[in-house]
Amino acid sequence: MSKDDLQSEALDIDFTACCPDADAPAEPYHAIMKVDADGKTDGTLWGQGIKLMLFDDIVAANKILEALGSPDYQLRGVTKEHLATLKQLEENGCAELFVIIGFTVRGDIEAVPLAEHQARIHKAGNPPPLRKK
């Protein structure tokens with residue numbers, strides 16, 4: 001079996017999972033996605049080339065969406081199934097997934113690779129929020 005056959009076989013995935021509607025839950029991430037005039041997406045995530053951006057913080061996602069200032073993009077939830085499909089694309093070299101975690105003091109976007117982000121979350125668990133006294 002050639003490398004092309006292996007890649008083609010490995011990419012035998014259901015791309016409908018990559019086209020969430022506006023009501024899709026963010027389990028566990030958000031994404032800015034390209035949409036048509038009817039608000040339907042073809043699955044294109046905002047990013048730079050094959051570097052696709054996910055968000056763990058809706059505030060950061062909304063800031064970037066506002067900065068884009070384009071009706072061609074909307075915020076969508078990334079479900080577990082969608083994320084699994086995106087990971088398959090990454091494993092096959094079709095995409096590189098990053099999670100935008102916020103902004104630096106200078107206002108630059110701060111992002112980490114998805115695998116690193118998930119390792120940090122797993123290591124830290126989900127601590128309760130701090131209470132102000």
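Given the structure is predicted, the values throughout are model-derived calculations rather than measurements.

Looking at the overall build of the protein
Argument step 1. For the protein, the count of helices and strands is 4 helices and 7 strands.
Argument step 2. Along its sequence from the N terminus, the protein presents helices and strands in the succession α-β-β-β-β-α-β-α-β-β-α.
Argument step 3. By residue count, 32% of the 133 residues in the protein fall in the buried class.
Argument step 4. Long-range contacts, defined as pairs at least 24 residues apart, comprise 62% of the intrachain contacts of the protein with a sequence gap of at least 6.
Argument step 5. As displayed, the protein has an accessible area near 8900 Å², and 52% of this comes from carbon and sulfur atoms.

A look at the packing of aromatic side chains
Argument step 1. If you walk through the whole model with that rule in mind, you get 1 aromatic pair.
Argument step 2. For the ring pair Trp-46 and Phe-55, a centre distance of 6.5 Å and an interplane angle of 20° mean the geometry is stacked. Pair check on accessibility: Trp-46 and Phe-55 agree, each one buried.
Argument step 3. It is Lys-34 that lies over the ring of Tyr-73; its NZ or CZ is 5.5 Å from the centre.

Digging into the side chain of Thr-41
Argument step 1. Among the secondary structure elements, Thr-41 is positioned in strand β2 (residues 41-45).
Argument step 2. Under the relative-accessibility criterion, Thr-41 is labelled buried at 12%.
Argument step 3. A distance of 2.8 Å separates a polar atom in the side chain of Thr-41 from the backbone oxygen of Lys-34.
Argument step 4. For Thr-41, the side chain forms a polar contact with the main-chain nitrogen of Gly-43, separated by 3.0 Å.
Argument step 5. Discounting chain neighbours no more than four positions away, the residues touching Thr-41 are Cys-19, Pro-20, Met-33, Lys-34, Val-35 and Arg-76.

Some points on the pattern of salt bridges
Argument step 1. The tally for this structure, following the rule as stated, stands at 2 salt bridges.
Argument step 2. Of the charged contacts in the structure, one is a salt bridge between Glu-116 and Arg-120, with a shortest N-O distance of 2.8 Å. Taken as a pair, Glu-116 and Arg-120 lie in helix α4 (residues 114-124) at a separation of 4 residues, close to a single helical turn.
Argument step 3. Given the relative accessible area of 35%, Glu-116 is considered partly exposed.

Conventions used here
Residues numbered from 1 in each chain as written. Predicted model: local features only at pLDDT ≥ 70, side-chain atom pairs only at ≥ 80, totals over all residues. Heavy atoms only, no water. Helix = DSSP H or I, 4+ residues; strand = E, 2+ residues; numbered from the N terminus. Buried < 20%, exposed > 50% of the residue type's maximum accessible area, 1.4 Å probe, protein only. Contact = heavy atoms within 4.5 Å. Areas by Shrake-Rupley, 256 points an atom, 1.4 Å probe, with all protein chains shown as cover. Phe/Tyr/Trp six-rings, centres within 6.5 Å; stacked < 30°, edge-to-face > 60°. Lys NZ or Arg CZ within 6 Å of the ring centre and 35° of its normal. Polar contact = N/O pair within 3.5 Å; in protein donor to acceptor, adjacent residues only side chain to side chain. Salt bridge = Lys/Arg side-chain N within 4 Å of Asp/Glu carboxyl O.

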